[in-house]
Amino acid sequence: MERTFAIIKPDAVERNVTGKVLAMIEAGGFKIVGMKKILLSRAQAEGFYYVHKERPFFGDLCTFMSRGPVIALVLEKENAIADWRGLMGATNPANAEAGTIRKELGVSIEENTVHGSDSPESASYEIPYFFNQLELV
Ligand code: GDP
Ligand code: MG
């Protein structure tokens, strides 16, 4: 079994589609082992996305991610990291395949509804950034 970290981003919470995303997660065979709704501060968003700090969109991304509540999730499944990336779809919803969350629900390359760890190393940073051991069941 493998664990990955996911976020339902502010655009989805604002549009009341968190339930649709959770339904797609469960239909995809993932177990939700951690879940909480939180409002990130700007500094907390910057810390989460520090790997992107040199990218031109970093400022906009951190403003977006702290503008409203998000749902933070830890998902468990065999091959969870790659399978969750697959269910999310391409970063730009316009390029995402049919049936993926970003294709069905994404708004733009920035407001793309969900986050997912891209490697075991990033999952190891991102899961404890949001959850302690007692919160994962
Ligand atoms: P991901 O792993 O598919 O989420 O994509 P990245 O790690 O490359 O980028 C992180 C997040 O930054 C994306 O999910 C988008 O929300 C945002 N993002 C990525 N590329 C762009 C871009 O070119 N412009 C803007 N405004 N946001 C972007
Ligand atoms: Mg990424």
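Let me begin by describing the structure that accompanies this report. (Residues numbered from 1 in each chain as written. Chains lettered and ligands numbered in written order. Predicted model: local features only at pLDDT ≥ 70, side-chain atom pairs only at ≥ 80, totals over all residues. Heavy atoms only, no water.)

**Focus: the packing of aromatic side chains**
Reasoning step 1: A full pass over the atoms with the stated rule returns 9 aromatic pairs.
Reasoning step 2: Look at phenylalanine 30 and tryptophan 84: their rings are 5.9 Å apart centre to centre, the planes differ by 80 degrees, and that puts the pair in the edge-to-face class. Placement of the pair is phenylalanine 30 in the loop between α2 (18-27) and β2 (31-38) and tryptophan 84 in helix α5 (residues 80-88), with a sequence separation of 54 residues.
Reasoning step 3: Ring geometry for phenylalanine 48 and tyrosine 49: centres 4.8 Å apart, planes at 70 degrees, overall edge-to-face.
Reasoning step 4: Take phenylalanine 48: its relative accessible area is 3%, and that puts it in the buried class.
Reasoning step 5: Ring pairing ties together the aromatic residues Phe5, Phe48, Tyr49, Tyr50, Tyr125, Tyr129 and Phe130, which thus form one cluster.
Reasoning step 6: Cation over ring: lysine 36 sits above phenylalanine 131, and NZ or CZ is 4.8 Å from the ring centre.
Reasoning step 7: The ring of phenylalanine 30 has lysine 77 lying over it, and the distance from NZ or CZ to the ring centre is 5.6 Å. (Phe/Tyr/Trp six-rings, centres within 6.5 Å; stacked < 30°, edge-to-face > 60°. Helix = DSSP H or I, 4+ residues; strand = E, 2+ residues; numbered from the N terminus. Buried < 20%, exposed > 50% of the residue type's maximum accessible area, 1.4 Å probe, protein only. Lys NZ or Arg CZ within 6 Å of the ring centre and 35° of its normal.)

**A word on the sheet that holds β2**
Reasoning step 1: Strand order in the open sheet formed by 4 strands is β2-β3-β1-β4, with antiparallel pairing between adjacent strands. Only two strands of the sheet have a single neighbouring strand rather than two, namely β2 and β4 (114-116). Taking the axes of each pair of neighbouring strands and ignoring which way they run, one obtains an average angle of 20 degrees across the sheet.
Reasoning step 2: Here β2 pairs with strand β3 (residues 70-77) via 7 bridges, running antiparallel. Among the inter-strand pairings, glycine 34 is bridged to a residue of β3, identified as valine 74.
Reasoning step 3: With respect to the sheet, α5 is in contact with β1 (2-8), β3 and β4, its orientation differing from that of β1 by roughly 30 degrees. (Pairing = 2+ DSSP bridges. Axes fitted to C-alpha atoms, helices over the stretch in contact; angles between N-to-C directions. Contact = heavy atoms within 4.5 Å.)

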